[in-house]
Amino acid sequence: MRRRWKPAACHDDKPWRNNPERNDPIPTPPIVEEPQRFTVGGTVTGLTGSGLLLQNNGGDDQGIGATETRFTFGAQLASGSDYAVTVKAQPSGQTCTVNDGSGKVGSVAIGNVKIVCSDITYTVGGTVRSLIGGTVRLSNNAGAALAVGNGQFKFPDQVAAGAAYAVTVAGVDLAPGAPQQTCSVSHGAGVVGTSDVSNIDVLCSVESFKVKGSVAGLVSAGLVLQNNAGDDLPVSADGSFEFATPVASASAYAVTVKSQPRLPTQICTVANGTGVVAGSDVIGVLVTCVRDSATFALIGVGGAPPVVQPHAIGAGGAVDALAAPSGTTSGVPAAIDVNAASRTVNVADGVTIRQFAIATPASNGLTVANSITTANGQLVALRTDPSGRLLVSASATGVVQTYLLNQAGLPIAPVPADSLALSPVTSISFDPTGRFVYFTHGAANYVSAYAAKPDGHLQLVGTEPAYGAYSPAVSGAMRPNGQHFYTASPGVGYTSMYRVDANSGALSRGSIYTAIKSGHMAISPDARFLYVSNQNSPSTPVISWFELNQYGGMMIRGSIALQGAAVADLKFEVDPSNLFLYALSGDRIETYAIDQATGALAFGTSTPISQGGTLALSTAK
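No experiment lies behind these values; they were computed from the predicted model shown.

What counts, and where the lines are drawn
Residues numbered from 1 in each chain as written. Predicted model: local features only at pLDDT ≥ 70, side-chain atom pairs only at ≥ 80, totals over all residues. Heavy atoms only, no water. Disulfide = S-S within 2.5 Å. Helix = DSSP H or I, 4+ residues; strand = E, 2+ residues; numbered from the N terminus. Buried < 20%, exposed > 50% of the residue type's maximum accessible area, 1.4 Å probe, protein only. Pairing = 2+ DSSP bridges. Core = buried A, V, L, I, M, F, W, Y, C linked by side-chain atoms within 4.5 Å. Contact = heavy atoms within 4.5 Å. Phe/Tyr/Trp six-rings, centres within 6.5 Å; stacked < 30°, edge-to-face > 60°. Lys, Arg positive; Asp, Glu negative; His and termini not counted. Salt bridge = Lys/Arg side-chain N within 4 Å of Asp/Glu carboxyl O. Polar contact = N/O pair within 3.5 Å; in protein donor to acceptor, adjacent residues only side chain to side chain. Axes fitted to C-alpha atoms, helices over the stretch in contact; angles between N-to-C directions.

**Q** Looking at this model, I keep getting lost on the state of the cysteines. Mind explaining?
**A** What is meant by a disulfide is a covalent connection between two cysteines, made through their sulfur atoms. Under the defined criterion, the tally for this structure stands at three disulfides. Across the disulfide, Cys 96 is cross-linked to Cys 117 (sulfur-sulfur distance 2.1 Å). An S-S torsion of about 110° defines the bridge between Cys 96 and Cys 117 as right-handed. Here Cys 96 is found in strand β10 (residues 95–99), whereas its partner Cys 117 is found in strand β12 (residues 110–118), with 21 residues between them in sequence. The class of Cys 96 is buried, set by a relative accessible area of 4%. By sequence order of its bonded cysteines, the protein has the disulfide arrangement 1-2, 3-4, 5-6.

Now the structure itself:
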């Protein structure tokens, strides 16, 4: 059944009838709620041949070119749908294996399917024991089932070197009169090295027992557990769990996390998750989930000399007043970007991108890693894609450059990989999959969308008009689920929502809120709240927050005046844990606790700094 929702305090995307700066309410056409749909995709490694063809659910063919490293199927799937990625045609001279290719679509795009290709392959096999009459059907990496009896077996499809294997029981076909039995796999999961795999043990028994346990600390959706590389078990809340498939007596069990929870991201670990079933149910498996929290606030400050200071974050979100050794810059950085994948910090310092490595241990601060000098004017924005392989920079003259990065976060020649001339950029945002990048432009009445190609080039997807004809968008924020993009046009007080097409990355205008002259903005990691700097009272630093519904609509919920002095360009970031917001206000950094139900901010602590102008958070441990 479809319901209709009308967002309060939001306006439609029709032009103003009279004065464009008026705040007259204009009726919003009702939004028809449709099922959420998401794309399925992932990464490709080792591909050098041509002709690779993938399928999802037996259709939706997707060709992959040589040297491509990412893919996304064209068809979107509704939340709750099954997906099953397979290789329809192998590339010339190589074999590609699908890992993590099946499951159910949740509340975010699927981007963790892995295609591993190699010109070297190995067989996967083992032994079936104690089966009484009949055959057991085995599957590797959720592929076609192989029916075997007692004795040795070997899958006909070989696995690419470096790819994972995961052997599971698809079913047991018993001969007439044979007793009911359960077959379980031991040593069934791993990564193919430099030889055939032959030690997989399938043990059958007339006795079987359940594997049970409990989950503690879970606050997000998306946790999926596995036992013996199969028997997926989605878990939505703290408490007890029980795998549906019993394990044969005297066979091994191995509980692992298949998918970590998202929105906000949590890290779940398993204790007491391996052993051998011995005559009774297994009841002691414990899964503990913790929030992914920032450990450093990286602050670009003035002084003699100007530096990037990594201030440690302690219990309760408190920021340490003592900064560790840090990297010197020529001035207060215009932007700081953290590449979490490589523990690299990218700093926009005049016409130079300075790259610092987060030391080990991280308490030792930052060490110089690299320097990239540009020739296109003062840098104003930097952003690394979620995978850490592409860095995008923008200068005040409107030149955008991209840099492919290696695993250490350093540029790969040629540098730059791409260069675009746009209207001057004021903010850069990636979608959660890293496939698309979005720009706001302080001197043009549009926002632009580009596809990030595997070779580092950016391909124009399209532009969409900004709402404020007399005040272009100056900042942007992508919703963590990738479905909506928000911009701020402070001159006429527009906070605007755009819908994101999951296939093309294109933007389409949605609703607006017209009461707040917003500047900087950030979205909570659980995708529920939008925080904006409220410039209606220039003499007082204020942050307001909106509640976001499933379809991107905005409802104003509250505002708070900061403790520090007003600044021209208020900066703040939401911690990945979703528990705290950190704000630079005058000569201090302030911590605000986030109410998990309402999104409301409550002042916590304040730490003096010197001439702070730029802020980023790092989760490096």
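**Q** Is there a simple way to explain the pairing of strand β55 (residues 542–548) in this structure?
**A** Consecutive side chains along a regular strand alternate between the two faces of the sheet. Counting buried positions along β55 yields six of seven residues, so the element is predominantly enclosed. Inspection of the sheet shows strand β54 (residues 529–534) paired to β55 by six bridges, in the antiparallel sense. Among the inter-strand pairings, Leu 530 is bridged to a residue of β55, identified as Phe 546. Note: β55 against strand β56 (residues 554–561), seven bridges, orientation antiparallel. Its bridge partner lying in β56, Ile 543 is registered against Ile 560. Hairpin geometry of β55 and β56 is characterised by an intervening segment of five residues between the two adjacent antiparallel strands and by a positive phi of about 95° at Gly 552.

**Q** It is not clear to me how the nonpolar core should be interpreted in this structure. Could you clarify?
**A** In globular proteins that are soluble, nonpolar side chains generally tend to be buried together. Judged by nonpolar contacts, the single largest core of 23 residues is most densely connected at Val 124, Val 128, Leu 138, Phe 153, Ile 200 and Val 202. Secondary structure elements with two or more residues in this core: β14 (124–129), β15 (134–140), β16 (146–148), β18 (159–160), β19 (164–174), β20 (182–186) and β22 (197–205). Examining the composition of this core, we find that four residues originate from one element, β22, more than from any other. Excluding residues within four positions of it along the chain, Val 128 makes contact with Val 136, Leu 138, Val 148, Gly 149, Asn 150, Gly 151, Phe 153, Val 202 and Cys 204.

**Q** Is there a simple way to explain the packing of aromatic side chains in this structure?
**A** Here a ring pair, both rings aromatic, is described through the centre-centre distance and the interplanar angle of the planes. What the rule picks out here adds up to nine aromatic pairs. An angle of 75° between the planes, with centres 5.0 Å apart, marks the rings of Tyr 513 and Phe 546 as edge-to-face. Here Tyr 513 is found in strand β52 (residues 507–513), whereas its partner Phe 546 is found in strand β55, with 33 residues between them in sequence. As far as the burial class goes, Tyr 513 and Phe 546 line up, both buried. Both rings, one in Tyr 592 and one in Phe 603, keep their centres 5.5 Å apart while their planes meet at 70°; by these two values the pair is edge-to-face. Placement of the pair is Tyr 592 in strand β59 (residues 588–594) and Phe 603 in strand β60 (residues 601–608), with a sequence separation of eleven residues. Given a relative accessible area of 37%, Phe 603 falls into the partly exposed group.

**Q** Would you mind going over the side chain of Asp 337 with me for this structure?
**A** By the element assignment, Asp 337 lies in strand β37 (residues 335–339). Despite its burial, Asp 337 pairs with no opposite charge; the closest candidate is Arg 383, at 4.5 Å N-O. Side chain to side chain, Asp 337 and Thr 384 meet in a polar contact 2.4 Å long.

**Q** Explain the sheet that holds β52 to me, please; I cannot follow it from the model alone.
**A** Pairing between the strands of a sheet comes from backbone hydrogen bonds, and it takes one of two forms, parallel or antiparallel. With antiparallel pairing, the four strands of this open sheet are ordered in space as β49-β50-β51-β52. Two strands close off the open sheet at either side, each with one partner strand: β49 (475–478) and β52. Strand after strand, the sheet turns through a mean of 25° between neighbouring axes, direction not considered. Two strands pair when backbone bridges link them, and strand β51 (residues 494–500) and β52 are joined in this way by five bridges, in the antiparallel orientation. Residue Val 500 lies in a different strand from β52, and its bridge partner there is Leu 507.

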